[in-house]
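Chains, contacts and geometry: an overview
Residue strings, one per chain:
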Amino acid sequence: MSLRLVLLGPPGAGKGTLAGVLSKDLGLGSVSTGELFRNEIRRRTALGKLVTRYVSSGRLVPDELVVKVMARRLSRRRLGRGVVLDGFPRTAGQARGLDAFLKARGTPLHGALYLDCPTPLLISRLSGRRVCQRCGRNYHSRTMRPKRAGVCDACGGVLSIRKDDQVKTVTKRLEIDRAKAKPLLEFYQQRRLLYRLNGSGGIAQVFQRFRRLLDREGWLNARA
Ligand code: AP5
């Protein structure tokens, strides 16, 4: 399936979780800007040093830099095979940058999927999130527990709380997202690419809703 989607939605809406299910169940690869930046920070690369003050404080990395980094990651091969972009674009400026880049490669998007979630649910998801320090897999202290407390099922790594999931930073991230979301959604709405998906409920439920959308839009047969 050569489906090209962007996953939009506030922090905690379940973008990364849905991207994981799409990869497992549909074989659709994904790129997460948040994950990418956290890896660079962990490895102390030049890019990591550049973005660390933004990521740890919950502010957005400047548009120009994000678009440049993503343009390098999105090879023709990857775009041709189909890909889900998790957490990118996050502003109308990034959306314009991505649009120009994809057009130049002749690989337009099939859709921009916005995961809708009420704020109390976002806060509850972010406050309970636990992340494997080694492989980055996500868990939740109530809804997605590992088999052994504090230990990753996949690699045995230690689970911890993400730095930017502290209450104060979460509030800031949600505020920033609210300010940026309107023009971003308008960008995709004007191009008839915007799809809203209810992100509440369990993961299986959200995936079921996605499957219905997939069938309705005929995306299973998407070609490069
Ligand atoms: P990023 O990592 O992208 O953070 P975010 O957008 O704030 O998104 P989250 O990862 O917090 O939430 P999510 O929607 O993926 O939810 P998840 O699936 O994990 O970005 C981090 C930082 O990097 C940014 O603040 C910024 O500084 C920088 N950055 C990244 N991209 C950028 C960009 N494009 N431009 C500029 N700067 C950028 O789920 C959350 C929790 O809920 C998990 O514990 C999960 O287990 C649980 N959960 C999820 N779905 C369900 C469900 N259906 N049922 C039960 N539990 C669920």
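In this report, we go over the structure that sits alongside the text. For clarity, every value in this text was computed on a predicted model and none was experimentally measured.

This part takes up the pattern of salt bridges. Within the structure shown, the criterion is met by 11 salt bridges. Residue Asp 164 is joined to Arg 173 by a salt bridge in which the shortest nitrogen-to-oxygen separation is 3.8 Å. For Asp 164, a relative accessible area of 8% gives the class buried. Looking at Arg 173, the relative accessible area reads 10%, which means it is buried. Note that Asp 165 and Arg 173 form a salt bridge whose closest N and O atoms lie 2.9 Å from each other. As far as burial versus exposure is concerned, Asp 165 and Arg 173 are alike and both buried.

Time to look at the environment of Arg 134. When you line up the elements, Arg 134 lands in the loop between strand S5 (129-132) and strand S6 (138-140). Each C-alpha atom, one on Arg 134 and one on Gly 218, is 37 Å from the other, the two residues being 84 residues apart in sequence. Once residues within four sequence positions are removed from consideration, Arg 134 is found in contact with Arg 42, Cys 155, Gly 156 and Gly 157. A polar contact of 2.8 Å, which involves the side chain of Arg 134, links it to the backbone oxygen of Cys 155.

At a minimum axis separation of 12 Å, helix H2 (residues 33-42) and helix H4 (residues 63-73) run at an interaxial angle of 95°. Our classification of the angle between H2 and H4 gives roughly perpendicular. Contacts from Thr 33, Leu 36, Phe 37 and Glu 40 in H2 reach Val 66, Val 69, Met 70 and Arg 73 in H4. The residue inventory of the contact of H2 with H4, partitioned by class, reads 5 nonpolar, 1 polar and 2 charged.

Scoring rules and cut-offs
- Residues numbered from 1 in each chain as written.
- Predicted model: local features only at pLDDT ≥ 70, side-chain atom pairs only at ≥ 80, totals over all residues.
- Heavy atoms only, no water.
- Salt bridge = Lys/Arg side-chain N within 4 Å of Asp/Glu carboxyl O.
- Buried < 20%, exposed > 50% of the residue type's maximum accessible area, 1.4 Å probe, protein only.
- Helix = DSSP H or I, 4+ residues; strand = E, 2+ residues; numbered from the N terminus.
- Contact = heavy atoms within 4.5 Å.
- Polar contact = N/O pair within 3.5 Å; in protein donor to acceptor, adjacent residues only side chain to side chain.
- Axes fitted to C-alpha atoms, helices over the stretch in contact; angles between N-to-C directions.
- Parallel < 35°, antiparallel > 145°, perpendicular 65-115°, else oblique.
- Nonpolar A, V, L, I, M, F, W, Y, C, P; charged D, E, K, R; others polar.

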